[in-house]
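Given next are the chains, with one letter for each unit.
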Amino acid sequence: MGFGFTNAPATFQRIMISLFGDMDDVDVYIDDILIASDTEESHLNVLIEVFNRFSKYNLKLAIDKCEFFQKEVIFLGHVISSRLLGLVQLIAKFISNLATLIVDLTKLLRKNSKWKWNKIHDKAFEQLKHAISHVQLLRHPKQNEPFIVQCDASNEALGAALLQNHDGILVSIEFISKQFDSHQLKWHTSDK
């Protein structure tokens, strides 16, 4: 496909989807390919299939732009650290107190942490699914109206909501939340 055609990116995207759209562990956006698998073995199997398709259709990879077996990548400007939690970050501003909701799930991803899923993780996962299915509609701010900031913190995370009064109704403009890192977890509660 020649350069300079106005529909070239859309055409290339359709080609990539036709080649890899049937693969559950593969996401494509134009010339970016993200492979996220549950195990190293399944990841390797998916990589082999992707390479086979590249070879079959005479497509080339720029090996210097490839990263393999990464626990964290930047994809479309977003840090993706695991399939579920990474995708949740894309809608984080719509979910109140997200950091608190996912504390127990992110503990599983910490360095030197042993993976052991239990009832606590089941509960956190169910709460996360509920939060995703009930995301709040955010409103555009009225620049000439005052803003209200509501903050809250726990021992493991903090959150804030930017609110505004629209015709007598308190509406959400944006949510932010953050889990404390290992150093912040040691701080006294009044310093968090």
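Please refer to the structure placed before this passage.
Okay, so let's go over this structure.

Cut-offs and rules
- Residues numbered from 1 in each chain as written.
- Predicted model: local features only at pLDDT ≥ 70, side-chain atom pairs only at ≥ 80, totals over all residues.
- Heavy atoms only, no water.
- Phe/Tyr/Trp six-rings, centres within 6.5 Å; stacked < 30°, edge-to-face > 60°.
- Buried < 20%, exposed > 50% of the residue type's maximum accessible area, 1.4 Å probe, protein only.
- Helix = DSSP H or I, 4+ residues; strand = E, 2+ residues; numbered from the N terminus.
- Expected span 1.5 Å × (residues − 1).
- Arc of directions from axis to C-beta.
- Contact = heavy atoms within 4.5 Å.

1. Comments concerning the packing of aromatic side chains
Under the criterion given, the structure shown has 3 aromatic pairs. Arranged with centres 6.3 Å apart and planes meeting at 70°, the rings of tryptophan 117 and phenylalanine 125 form a pair that is edge-to-face. Take phenylalanine 125: its relative accessible area is 27%, and that puts it in the partly exposed class.

2. Structural notes on helix α1 (residues 8-20)
Helical periodicity: at 3.6 residues per turn, an α-helix aligns residues three or four positions apart in one direction. Between its first and last C-alpha, α1 extends 18 Å over 13 residues, near the 18 Å set by a 1.5 Å rise per residue. Residues of α1 that are buried include every one of Ala8, Gln13, Met16, Leu19 and Phe20, and no others. All buried residues of α1 fall inside an arc of 130° around its axis, so they share one side. α1 presents Arg14 and Ser18 as exposed residues on the side facing more than 90 degrees away from its buried surface.

3. Quick look at the environment of lysine 142
By the secondary structure assignment, lysine 142 is in the loop between α6 (119-133) and β5 (147-153). Assessed through its relative accessible area of 30%, lysine 142 is described here as partly exposed. In sequence terms lysine 142 and histidine 166 are 24 residues apart; their C-alpha atoms lie 8.1 Å from each other. Contacts of lysine 142, omitting those with residues within four sequence positions, involve Phe147, Gln164, His166 and Asp167.

4. Focus on helix α2 (residues 40-56)
With 17 residues, α2 extends 24 Å between its outermost C-alpha atoms, agreeing within 8% with the 24 Å of an ideal straight helix rising 1.5 Å per residue. The set of residues buried in α2 consists of His43, Val46, Leu47, Val50, Arg53 and Phe54. Projection of α2 onto a plane perpendicular to its axis shows the buried side chains occupying an angular sector of 125°, all on one side. Those residues of α2 that are exposed and aimed more than 90 degrees away from the buried face are Glu41, Ser55 and Lys56. Immediately downstream of α2, the backbone of asparagine 58 shows phi near 55°, a positive value.

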